[in-house]
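# Structure at a glance
Next come the chains, spelled out residue by residue.
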Amino acid sequence: MKKFHFGILAIPFIIIVWMLVARNYPPIIFPGPWSTWLELKKQLSSPDYYHHIGISLYRLFFGFAIAAISAFVFGLLAGVSKAFRQFLSPMVMLFQATPPMAWAPLLILMLDLGNAPMIAVIVIAAFFPILVNVIQGMERIKITHIRAAKTLGANRLQLAWHVYLPEVMPSAFTGVVVGFGIAWRSLVAAEMIGGSSGIGWLISSSGQIGNSPLVMVGIITIGILAMFFEFVLLYPLKKRFASWALKG
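Residues numbered from 1 in each chain as written. Predicted model: local features only at pLDDT ≥ 70, side-chain atom pairs only at ≥ 80, totals over all residues. Heavy atoms only, no water.

Across its full length, the protein holds 10 helices and zero strands. Traced from its N-terminal end to its C-terminal end, the protein shows the element sequence α-α-α-α-α-α-α-α-α-α. For the protein, the residues scored as buried account for 39% of the 248 residues in total. Within the protein, counting contacts between residues at least 6 apart in sequence, those at least 24 apart form 72% of the total. Accessible surface, the protein as shown: approximately 15000 Å² in total, 71% of it carbon and sulfur. (Helix = DSSP H or I, 4+ residues; strand = E, 2+ residues; numbered from the N terminus. Buried < 20%, exposed > 50% of the residue type's maximum accessible area, 1.4 Å probe, protein only. Contact = heavy atoms within 4.5 Å. Areas by Shrake-Rupley, 256 points an atom, 1.4 Å probe, with all protein chains shown as cover.)

This part is about helix α4 (residues 82-97). For α4, spanning 16 residues, the distance from its first C-alpha to its last is 22 Å, which sits close to the expected 22 Å at 1.5 Å a residue. Bending of α4 peaks at approximately 30° at the position of Leu88, with proline Pro90 no more than four residues after it. (Expected span 1.5 Å × (residues − 1). Bend = angle between axes of the 7 residues up to and from the residue.)

Looking at the secondary structure, you find Phe229 in helix α10 (residues 212-247). The spacing of Phe229 and Phe180 is 49 residues in sequence and 9.2 Å in space, taken between C-alpha atoms.

The subject of this paragraph is the nonpolar core. Core analysis: the biggest nonpolar cluster contains 50 residues, and Leu60, Phe64, Ile130, Leu131, Trp184 and Ile199 have the highest contact counts within it. Sorting the residues of this core by element identifies α3 (47-80), α4, α5 (104-111), α6 (115-139), α8 (156-194), α9 (199-208) and α10 as the ones contributing at least two each. When residues of this core are assigned to their parent elements, the largest contribution, 14 residues, is made by α6. Beyond its immediate chain neighbours, meaning those up to four positions away, Ile130 contacts Phe64, Ala68, Ala71, Gly175 and Val176. (Core = buried A, V, L, I, M, F, W, Y, C linked by side-chain atoms within 4.5 Å.)

UniProt marks residues 7-25, 57-80, 92-111, 117-138, 159-184 and 214-237 with the feature "transmembrane region" (unreviewed entry), using the numbering shown here. End-to-end, the C-alpha atoms of residues 92-111 are 23 Å apart, and along that stretch the chain is 70% helix and 0% strand. (UniProt positions renumbered as here; feature names shortened; annotations may be inferred.)

Contact pair α3 / α6: the axes reach a minimum separation of 6 Å and the direction vectors enclose 35°. In this structure, α3 crosses over α6, and the sense of that crossing is right-handed. Here the contact of α3 with α6 is built from residues that sort into 25 nonpolar, five polar and one charged. (Axes fitted to C-alpha atoms, helices over the stretch in contact; angles between N-to-C directions. Left-handed = near helix turned anticlockwise from the far one by under 90°. Nonpolar A, V, L, I, M, F, W, Y, C, P; charged D, E, K, R; others polar.)

Looking at the secondary structure, you find Thr36 in helix α2 (residues 33-44). Using a relative accessible area of 2% as the deciding quantity, one classes Thr36 as buried.

Below you can see the structure in the form of structure tokens.
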């Protein structure tokens, strides 16, 4: 017999609290579940709704791919070169201490409106969490494992594939998860500030014209997409990389 999973109680609990809070405000300020549901049904038949989602996802995955690949390469280089790690250290401290959104106004002025400044914000947001975790993973590699592989005759390619990557991937994937979450939140915020399309812009523009149900639909869309990323994309990858690390 399966154990009861209390997580399924979260959704009705949220809806009940939502209803109770909404009773204290007019719908134009804080819409309840019913008016939000009606707006969602309307948006599900609107091509514009899917257009904004598609634009945001394009920006997210394109920018995140650039950040992840470059961070992984830089992290591996920093892991094997002490001089390069020392060179990167001040930049890592500077950029990690600065919220990614602090760069948004400058990036919008430099790159104009459109996809470019949004993608740049995502790259800045995701690059450094991944970089730091890759470097930490490289630092955790035991010298005895490297010596043992060399003793068995492993060349550089075999060493990288059978020792470095399996040891680094769990730490690197932690950086991917953290970086992905920061990138997603930064994208929505950047779209709200200087976007002309995307989910963040949809929320911001809807709030400006007083369409609170559509604002709530945008917020719910962000949450649903985040859960989709977590359970459909990130969780299976985490299991796969964890099993690879154990085999490594």
